[in-house]
Amino acid sequence: MSVWDDVVGQERVVETFQTAARSARALAEARETGPGAVVGVTGATDGTGAVDAGAESRAAHDDGSAMTHAWLVTGPPGSGRSNAARAFAAALECTGPVPGCGECKACRDVMKGTHPDVVRLATERLIITMDEVKELIGEAQRRPWTGRWRVILIEDADRMAERTTNVLLKSIEEPPPQTVWVLCTPSADDVLPTIRSRCRLVTLRIPSADAVAELLVRRDGAEPELAARAARASQSHIGLARHLATDPGAWERRRRLLLAPVSLRSVGDAVLAAAELVDNAEAEAKDATTERDARERAELMRALGMEGETKVPPALRAQVRQLEEDQKRRAKRARTDVLDRAMIDLLSFYRDVLATQMGSDVDRVNVDLGDAVDQAARSTRPDQSLARIAAIEECRVRLRSNAAPLLAVESLMVQLRPQA
């Protein structure tokens, strides 16, 4: 067992992080045991209070790879960016014989999200706010409580506006000696060049379907045949594959979604299909957030000494209102995520249609919908399939940019309907 077990199909990335973690450990040990150093105090000193830069440099280069203070972890959706970043944070904090052992308390705490020196931000809103970033900068200035490093992990760095990202620049450029920034984005182009130039880039690839299936069997207890089918249908997107492998109703919902566009006969049908898709997305998002919302409200009321009360005094309404606003933003993000997942499924269908039209011998994603794919391929042209794929991508952009979901999906369904 190690912290790298869930980082599937990313051997080169794991090797890079393991090498950096070994360098980080050597650097930390040099700080702790250097001349005049005091264990637990930031930096090795030369007896005058100055950091022994030579000792740090020698330790950092002992295995041929220097540790750096800022990392940019990129990769396509579902490639496991967050898993890789969290595993790296665990390897930095590890106290076992090999960094990232997965057995020591530090590794277990990081992987569970309870380590005091690993600060993680994974927003449930559409954007990361300026206040959240300023709070992270404050966290970055603190010394580690129990570990050797203070790790600041931002899993959705692409959700920062440009002016928000600019606030980070100084802290990433000149962090305290024991602070490490780890930013995760789908692409390096999702952050400003000034941020990109100050980070070491680590790029994940799409894992193989076999690797994802093996993970589902080992981690989630899925049946091997179902795991293989889910891995292929999700196009090796780990999160979507897990959803298909663990949600009994996911396959039927997916089937109805993919067959809906080819059965449309009019603009009216397209509008009705769009309304159904958005309604289903809102219902699924509500199911995913209702229980958590109720628990959070109950905890807040208990903290305010109002457990069991129904009427909130005016002096306390601001706190309750803030919670309600946060929950609304989270519900909106959940709905957007469900709709985006639907768009990815539609893309896979028209990818199969286009591949069939072009006579490609690539494996199909939707092996269970072969007849529908063949029928769509015979009744349309390749340029029409390309236009539909472009329309789906445009809908994804609109959904992420705060467009009204119903209008965006209605426009898409009108473009997907069969035409002469």
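Just so you know, these numbers come straight off a predicted model, no measurement behind them.

Scoring rules and cut-offs
Every chain begins its residue count from 1, and numbering advances along the sequence as written. Local features in this predicted model are restricted to residues of pLDDT 70 or higher, and side-chain atom pairs are both shown and tallied only at a pLDDT of 80 or more, whereas totals for entire chains, interfaces and linings draw on every residue. To obtain the side-chain values, all non-hydrogen atoms of the structure were included, while hydrogens and water were left out. Helix and strand assignments follow DSSP, with helices taken as H or I runs no shorter than four residues and strands as E runs no shorter than two, numbered in order from the N terminus. Buried, partly exposed and exposed residues are distinguished by accessible area as a fraction of the type maximum, computed with a 1.4 Å probe on protein chains only: under 20%, between the cut-offs, and over 50%, respectively. Should any heavy atoms of two residues lie within 4.5 Å, those residues are considered in contact. For the accessible areas, the method is Shrake-Rupley and the probe is 1.4 Å, while residue cover comes only from the protein chains on display. We count Lys and Arg on the positive side and Asp and Glu on the negative side, and we leave His and both chain ends out. Here the site of a charge means NZ on Lys, CZ on Arg, CG on Asp, or CD on Glu. Centres within 6.5 Å make a pair out of two Phe, Tyr or Trp rings, where for Trp the six-membered ring is used; the pair is then stacked when the planes are under 30 degrees apart, edge-to-face when over 60, and tilted otherwise. By salt bridge we mean one thing: a side-chain nitrogen of Lys or Arg within 4 Å of a carboxyl oxygen of Asp or Glu. For our purposes a nonpolar core is just a set of buried Ala, Val, Leu, Ile, Met, Phe, Trp, Tyr and Cys residues, chained together by side-chain atoms within 4.5 Å. Here an angle of 0 to 180 degrees is reported between the N-to-C directions of two axes, which are lines fitted to C-alpha atoms, with helices fitted over the stretch in contact. When describing relative orientation, an angle under 35 degrees is termed roughly parallel and one over 145 degrees roughly antiparallel, while 65 to 115 degrees is termed roughly perpendicular and anything else oblique. Here a crossing is called left-handed whenever its near helix is offset anticlockwise from the far helix by less than a right angle, and right-handed whenever the offset is clockwise. Side-chain classes follow a simple rule in which Ala, Val, Leu, Ile, Met, Phe, Trp, Tyr, Cys and Pro form the nonpolar group, Asp, Glu, Lys and Arg form the charged group, and the remainder, Gly included, forms the polar group. A helix's residues, less one, multiplied by 1.5 Å, set its expected span. Two axes enter the bend calculation: one fitted to the seven residues ending at the residue in question, the other to the seven starting there, and the bend is the angle between them. Side-chain atoms alone can form a polar contact between residues adjacent in sequence; in general such a contact is a pair of N or O atoms within 3.5 Å, and within protein one must be able to donate a hydrogen while the other accepts it. At least two DSSP bridges between two strands are needed for those strands to be called paired.

J.: Is there a simple way to think about the overall build of the protein chain in this case?
T.: Across its full length, the protein chain holds 16 helices and 5 strands. Across its three principal axes, the protein chain shows a C-alpha extent of roughly 80 × 65 × 40 Å. Classification of the 420 residues of the protein chain by burial places 49% in the buried group. Taking the intrachain contacts of the protein chain between residues at least 6 apart in sequence as the baseline, contacts between residues at least 24 apart amount to 72%. A total of about 20,700 Å² of accessible surface is found on the protein chain, and carbon and sulfur atoms cover 51% of it. Between the averaged position of the 58 positive side-chain charges in the protein chain and that of its 63 negative side-chain charges there is a distance of 3 Å.

J.: Quick question: what am I supposed to make of the packing of aromatic side chains here?
T.: Counted under the stated rule, the structure contains 5 aromatic pairs. Plain terms: the ring middles of Phe 17 and Phe 88 are 4.3 Å apart, the flat faces sit at 15° to each other, and that makes the pair stacked. Here Phe 88 lies in helix H3 (residues 81–93) and Phe 17 lies in helix H1 (residues 11–33), a separation of 71 residues in the sequence. Classification of Phe 17 by relative accessible area gives buried; the value is 0%. Among the aromatic residues, those joined into a cluster by ring pairs are Trp 4, Phe 17, Trp 71 and Phe 88.

J.: Is there a simple way to explain the pattern of salt bridges in this structure?
T.: Two side chains with opposite charge may pair up if their charged atoms get near one another. Enumeration according to the criterion identifies 29 salt bridges in this entry. Here Arg 218 makes a salt bridge to Glu 214, at a shortest N to O gap of 3.1 Å. Taken as a pair, Arg 218 and Glu 214 lie in helix H8 (residues 209–220) at a separation of 4 residues, close to a single helical turn. On the accessibility criterion, Glu 214 (41% relative accessible area) is partly exposed. Across the pair Arg 232 and Asp 363 runs a salt bridge whose closest N-O atoms are separated by 3.7 Å. Taken as a pair, Arg 232 in helix H9 (residues 224–233) and Asp 363 in the loop between helix H13 (317–357) and helix H14 (370–379) lie far apart in primary sequence, 131 residues in all. The class of Arg 232 is partly exposed, set by a relative accessible area of 35%. When salt bridges with common partners are traced through the structure, they connect Asp 117, Glu 139, Arg 142 and Arg 150 into a single cluster.

J.: I'm lost on the nonpolar core in this one. Help?
T.: A general trend in soluble globular proteins is that nonpolar side chains are found buried together. Core analysis: the biggest nonpolar cluster contains 37 residues, and Trp 4, Phe 17, Trp 71, Phe 88 and Val 182 have the highest contact counts within it. Mapped onto this core, the elements with two or more residues apiece are H1, strand S1 (70–74), H3, helix H4 (105–112), strand S3 (150–154) and strand S4 (179–185). The contact partners of Val 182, leaving out residues within four places of it in the chain, are Trp 71, Val 73, Ala 85, Phe 88, Val 151, Ile 152, Leu 153 and Ile 154. Judged by nonpolar contacts, the second largest core, of 32 residues, contains Ala 273, Leu 369, Val 373 and Ala 376.

J.: Explain the packing of helix H12 (residues 267–303) against helix H16 (residues 405–416) to me, please; I cannot follow it from the model alone.
T.: The geometry of a pair of packed helices is captured by two quantities: the angle between their axes and the separation between those axes. Running from N to C, H12 and H16 cross one another at 135°; their axes reach a closest spacing of 8 Å. Compared by their axis directions, H12 and H16 come out oblique. Remark: the crossing between H12 and H16 carries right-handed chirality. Contact residues: H12 offers Val 267, Ala 270, Val 271, Ala 274, Ala 275, Leu 277 and Val 278, while H16 offers Pro 405, Leu 406, Val 409, Glu 410, Met 413 and Val 414. Residue composition of the contact of H12 with H16, by class: 12 nonpolar, no polar and 1 charged.

J.: How should I be thinking about unusual backbone geometry in this particular structure?
T.: For residues other than glycine, phi is negative in most cases, and the peptide bonds are mostly trans. Positive phi values are uncommon outside glycine, yet Gln 235 reaches one of about 60°. Within the secondary structure layout, Gln 235 lies in the loop between H9 and helix H10 (238–246).

J.: What is the right way to read H12 from this model?
T.: One turn of the α-helix equals 3.6 residues, which is why residues spaced by three or four share an orientation. Over its 37 residues, H12 extends 52 Å from the first C-alpha to the last, a length consistent with the 54 Å expected when each residue adds 1.5 Å. Of all the bends in H12, the greatest measures close to 40° and is centred on Thr 289. Buried residues of H12: Ala 270, Ala 273, Ala 274, Leu 277, Val 278, Ala 281, Ala 285, Thr 289, Asp 293, Glu 296, Leu 300 and Met 301, and no others. Residue Gly 305 follows H12 closely and has a positive phi angle near 75°.

J.: How should I be thinking about the side chain of Asp 117 in this particular structure?
T.: Checked against the element boundaries, Asp 117 lands in the loop between H4 and strand S2 (118–121). Looking at Asp 117, its side chain comes within polar contact range of the main-chain nitrogen of Trp 145, at 2.5 Å. Every residue in contact with Asp 117, bar those within four places of it in the chain, is listed here: Glu 93, Arg 143, Pro 144, Trp 145, Thr 146, Gly 147, Trp 149, Arg 150 and Val 151.

J.: What exactly am I supposed to notice about the sheet that holds S3 here?
T.: Hydrogen bonds between backbone groups are what pair the strands of a sheet, and the pairing can be parallel or antiparallel. One open sheet accounts for 5 strands, arranged S2-S3-S4-S1-S5; its pairing is parallel. If you trace the sheet from one side to the other, it starts and ends with S2 and strand S5 (200–203), each paired once. Across the sheet, the mean angle separating the axes of adjacent strands is 15° when strand polarity is ignored. Here S3 runs beside S4; their pairing, made up of 5 bridges, is parallel. Along S4, the bridge assignment pairs Ile 154 with Leu 183. Together, S2, S3 and S4 form the strand contacts of helix H5 (residues 130–140), whose direction differs from that of S3 by roughly 160°.

J.: How should the environment of Val 320 be read in this particular structure?
T.: Assignment of secondary structure puts Val 320 in helix H13. The contacts of Val 320, once residues within four sequence positions are left out, are Arg 297, Leu 300, Met 301, Leu 304 and Val 312.

J.: Got a minute to help me understand the packing of helix H15 (residues 382–400) against H16 in this structure?
T.: Interhelical geometry of H15 versus H16 gives an angle of 180° and a closest axis separation of 10 Å. Between H15 and H16, the angle is such that the two are roughly antiparallel. Residue-level inspection shows Arg 388, Ala 391, Ile 392, Cys 395, Arg 398 and Leu 399 of H15 in contact with H16, the latter providing Pro 405, Ala 408, Val 409, Ser 411, Leu 412, Gln 415 and Leu 416.

J.: Looking at this model, I keep getting lost on the side chain of Asp 345. Mind explaining?
T.: Of note, Asp 345 is situated in helix H13. Given the relative accessible area of 11%, Asp 345 is considered buried. Look past the residues within four positions of Asp 345 in its chain and what remains in contact with it is Arg 254, Leu 257 and Leu 258.

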